[in-house]
Amino acid sequence: MSPDPGRAFTVEPWVVREPNLDLELLGQVESVFALSNGHIGLRGNLDEGEPHQTPGTYLNSFYERRPLPYAEGGYGYPESGQTIVNVTNGKLIRLLVEDEPFDLRYGRLRHHERVLDLQAGTLTRDVEWESPAGRVVKLHTERLVSLTQRAVAAIRYEVEVLDSPALLVVQSELVANEALPARDDDDPRVEAAMTDPLVSEQHRSDDTGATLVHQTRASGLRVAAAMDHEVTGPDGLKISSEATEDIGRTTVIARLRPGQTLSIVKYIAYGWSSRRSLSAVHDQVRAALAAARYTGWQGLVDEQRHYLDDFWATADIEIDGDAELQQAVRVAIFHVLQAGARAERRAIGAKGLTGPGYDGHTFWDTETFCLQLLSHVAPEAAADALRWRQSIIPLAKERAEQLGLKGAAFPWRTIRGHECSGYWPAGTAAFHINADIADAVRRHVAATGDVDFEKEVGLEILVETARLWRSLGHHDSAGQFRIDGVTGPDEYTAVVDNNVYTNLMAQLNLRVAAETAARHTRAAAKFGVDAEEMASWRDAAGSMRIPYDEALGVHPQSEGFTDHQVWDFEATKPDMYPLLLNVPYFDLYRKQVSKQADLVLAMQLRPDAFTPEQTARNFAYYEALTVRDSSLSACTQAVMAARTGHLDLAYDYLAESALVDLGDLAGNSDHGVHIASMAGTWIAVVAGFGGMLCEGGGLRFSPRLPPALSRISFGLRWQGRQLRVQIRPEEAEYQLVSGPPMRLQHHGEPLALADDPVTRPIPEIERVEPVEQPFGRAPRARHPGG
């Protein structure tokens, strides 16, 4: 079985298979094959460690502090940044065959295949290799990061000799302070370089394993890694262990004859803390190892499968008519789950724990994209992500005070809650992140009906973000509430007045904060909220300025945007994209060109603020200006293309969003997968082709199927219920899988769901005029006849 030309992987419904090793694609494959549970992340590096592009073992929120240099400083500039640390590598298992190191760059590789199983949650590898001396060995490995035992990863490693007896030496290691590849200093999307960030505090070994404890030099975080082994094989095998400051090693020596197998199960445990003592962190990982050994390899595998069976029963999306898209959608959902499943009150980064891109930071896209998915398929993970936001409110309030504002100003990019953006026009000025977090609270409460969460977590977030908006904006002489000097989602247009996305999301933030405080007056009073403050929020929301260009009949992205010169797209060569790497920001800021959906995202998240006619005109206008230099754009354009009747175009954009990493469409998947784009894939299916809106009045669907597909089926959770929706060309079926009866809407028609599925016809769609993209920036036509 071979992949299509230009692809690393074959197309299969439930697995991602790399049938041959291509060293040119190693970085991309390491990211796609990364395993994580939201706490531990292991890049899909080869067991023997080399060759590699980027070795990576990450722990959520474990970082090192580094200075942020400025050519010219200024008040309020962050003084230090945070960079995710490649912690102690426990994946390493080296093999020597009669003194010859097992290295795929030497000898002859007869067979090499790796498979990521989305249902089992494992990465398997099968190799047949002939050493330079002519000895042939067969290797089978299986790796998992446990979704049930948060601190644990495990590897099963089996080796056979095929032609003649051979002396094998296996070295299973823990290695700290691995050498990392040099970074591209010209690309702001990649990570900062660090050398030896970990300082040894303790190392020890026992008969079958080792433990290493380190501390970061600047941030003072302590990390422990431990390993233990179960070994079976022929009589006479020898096991020994040793440890030095940065290396723990267990060595297994055995002489194998053909037909015999040496089998090693390696258990790995990680823990870190900024507060606990060395002995406490050490004992934590030793206890986790003991629990893993008690469960055993097969027990861990069974637990993993059971967890994922439960997850997929709701989360799976079925697509008939496009096998490649079917695979990509499942891969996307799987990686978003991995990013947040066991994060447990820590951030979900832009790359999850699959690579070091963006220094491991979290941004606004966690709340705007990832939590839309998680609130409906893994709600506890979404709740924990928002609990983490609540936990950093003290830091956000300090930042707001530094900026001369009230309430909380959440950081644009961070790991532990401090602002880490060194470029304020696209960082500090992007205040919309505060409304994005508030909107994630609103959506999560609507999806779960969790009143306790609303009162104990959501209320404080809503109150402090509303206070920020009330102090950031002001009423002008005409009585309109303005928010000036901000940057919206489009980073090619910065420091503008009345960005429509920002104003509409702030308006909703203010309204929901007032409504929630009114429902929980006693709890709100603890934060000093009174009737007068709630009234001021309602007043600001009610008088919010939303610019509109009467001459063009569209909403300008921000005040005066439609008066700017249009970017010369025809003179822009293909190799100039992304523009941020090849064009001065000054030139971008004064032209009509959008890096990503901005006004279009406002229409997706605030459809109530636009008439159908405005929506259609706005979509057409901004479609011609948006170059999609961000992976966050295609999914939003897919949703709005579907809502405005451009179903073929929506299908093209869905595929672009879904395949961004499997196809390495952005050319940077080697730094980690694009978690928010993957979440956006789910959004494009459910909110786009499913037409789902979840407002205070409940769930509404307006499903439509693109001509290339014959069926889409998706599931979700809604206020304690499990629902499944099936869309066919002429009808949609709604099934209440579990939970009490409920009501919803299908194309505006009220439906009651109880025991039996309900089927309704899909109205015919009106023909719409095609829309145009910037020269050379149309999505790859995937639909028939495209």
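Note that this is a predicted model, so its numbers are computed, not measured. (Residues numbered from 1 in each chain as written. Predicted model: local features only at pLDDT ≥ 70, side-chain atom pairs only at ≥ 80, totals over all residues. Heavy atoms only, no water.)

Caption draft 1: Seen up close, unusual backbone geometry. A cis amide bond links Glu50 to the next residue, Pro51, at an omega of -5 degrees. Secondary-structure assignment places Pro51 in the loop between strand 3 (40–42) and strand 4 (57–59). The peptide bond linking Tyr577 to Pro578 adopts the cis configuration, its omega dihedral lying at 0 degrees. Here Glu344, not a glycine, exhibits a phi torsion of approximately 50 degrees, which is positive. In this structure, Glu344 sits in the loop between helix 3 (323–340) and helix 4 (365–377). Judged by its relative accessible area of 31%, Glu344 is partly exposed. (Helix = DSSP H or I, 4+ residues; strand = E, 2+ residues; numbered from the N terminus. Buried < 20%, exposed > 50% of the residue type's maximum accessible area, 1.4 Å probe, protein only.)

Caption draft 2: Structural view of the sheet that holds strand 28 (residues 721–727). With respect to topology, five strands assemble into an open sheet ordered 20-27-28-29-32, the strand pairing being antiparallel. Every interior strand has two partners, whereas the edge strands, strand 20 (317–320) and strand 32 (758–761), have only one. In this sheet, adjacent strand axes meet at a mean angle of 15 degrees when their direction is disregarded. Bridge count for strand 29 (residues 731–738) against strand 32 is four bridges, and the pairing is antiparallel. Residue pairing across strands places Glu731 opposite Pro761, the latter belonging to strand 32. (Pairing = 2+ DSSP bridges. Axes fitted to C-alpha atoms, helices over the stretch in contact; angles between N-to-C directions.)

Caption draft 3: Summary view of the packing of aromatic side chains. Scanning all chains against the criterion turns up 16 aromatic pairs. Note on Phe102 and Trp129: the rings are 5.1 Å apart at their centroids and 80 degrees apart in plane angle, and the pair reads as edge-to-face. Placement of the pair is Phe102 in the loop between strand 8 (100–101) and strand 9 (108–117) and Trp129 in strand 10 (residues 122–130), with a sequence separation of 27 residues. Its relative accessible area of 5% is what places Phe102 among the buried residues. Using a relative accessible area of 0% as the deciding quantity, one classes Trp129 as buried. For the ring pair Tyr621 and Tyr622, a centre distance of 5.1 Å and an interplane angle of 70 degrees mean the geometry is edge-to-face. When sorted by exposure, Tyr621 lands in the same class as Tyr622, which is buried. One aromatic cluster is present, formed by Trp14, Phe311 and Trp312 through successive ring pairs. The ring centre of Trp14 lies 3.8 Å from the NZ or CZ of Arg330, which sits over that ring. (Phe/Tyr/Trp six-rings, centres within 6.5 Å; stacked < 30°, edge-to-face > 60°. Lys NZ or Arg CZ within 6 Å of the ring centre and 35° of its normal.)

Caption draft 4: Broad picture of the side chain of Asn45. Topologically, Asn45 is positioned in the loop between strand 3 and strand 4. Within the structure, the side chain of Asn45 is placed 3.1 Å from the backbone oxygen of Thr54, a separation counted as a polar contact. With residues near it in sequence (within four places) discarded, Asn45 still touches Glu30, His52, Thr54, Pro55, Gly56, Lys91, Arg114 and Arg143. (Polar contact = N/O pair within 3.5 Å; in protein donor to acceptor, adjacent residues only side chain to side chain. Contact = heavy atoms within 4.5 Å.)

Caption draft 5: Up close: the pairing of strand 31 (residues 749–753). Inspection of the sheet shows strand 30 (residues 742–746) paired to strand 31 by five bridges, in the antiparallel sense. Considered in strand 31, the bridge of His746 is made with Glu749. Taken together, strand 30 and the strand that follows it, strand 31, pair antiparallel across an intervening segment of two residues, in which His747 is found at a positive phi of about 45 degrees.

Caption draft 6: Spatial organisation of the sheet that holds strand 17 (residues 238–243). Overall, antiparallel pairing links the five strands, which are arranged 8-7-13-18-17 in an open sheet. Two strands close off the open sheet at either side, each with one partner strand: strand 8 and strand 17.

Caption draft 7: Spotlight on helix 17 (residues 675–689). For helix 17, with 15 residues, the first-to-last C-alpha span of 21 Å sits near the 21 Å given by 1.5 Å per residue. The sharpest bend along helix 17 measures roughly 30 degrees and falls at Ile683. Count one or two residues on from helix 17 and you reach Gly691, which has phi positive near 60 degrees. (Expected span 1.5 Å × (residues − 1). Bend = angle between axes of the 7 residues up to and from the residue.)

Caption draft 8: Region of the structure containing helix 9 (residues 500–519). With 20 residues, helix 9 ought to run about 28 Å at 1.5 Å a step, and its terminal C-alpha atoms sit 29 Å apart, in line with that. When you tally the buried positions in helix 9, you get 16 out of 20 residues, the bulk of the element.

Caption draft 9: Structural detail: the nonpolar core. Formed by 226 residues in total, the largest nonpolar core has its most connected members in Trp537, Leu699 and Phe701. Other than its neighbours up to four places away in sequence, Leu699 contacts Met692, Leu693, Cys694, Leu716, Trp718, Leu723, Met742, Leu744 and Gln745. (Core = buried A, V, L, I, M, F, W, Y, C linked by side-chain atoms within 4.5 Å.)

Caption draft 10: Region of the structure containing the packing of helix 7 (residues 432–448) against helix 9. At a closest axis distance of 9 Å, the pairing of helix 7 and helix 9 adopts a crossing angle of 45 degrees. Relative to helix 9, the element helix 7 lies oblique. Considering the relative orientation of helix 7 and helix 9, their crossing is left-handed. Two secondary-structure elements touch here, helix 7 through His432, Asn434, Ala435, Asp436, Ala438, Asp439 and Arg442 and helix 9 through Tyr501, Thr502, Met505, Ala506, Leu508, Asn509 and Val512. (Parallel < 35°, antiparallel > 145°, perpendicular 65-115°, else oblique. Left-handed = near helix turned anticlockwise from the far one by under 90°.)

Caption draft 11: Region of the structure containing the packing of helix 14 (residues 612–623) against helix 15 (residues 633–643). Here helix 14 crosses helix 15 at 140 degrees, and the two axes come no closer than 10 Å. Taken together, the axes of helix 14 and helix 15 are oblique relative to one another. Note that helix 14 runs across helix 15; the crossing there is left-handed. Residues Thr615, Phe619 and Glu623 of helix 14 form the contact with helix 15, whose participating residues are Gln637, Met640 and Ala641. Here the contact of helix 14 with helix 15 is built from residues that sort into three nonpolar, two polar and one charged. (Nonpolar A, V, L, I, M, F, W, Y, C, P; charged D, E, K, R; others polar.)

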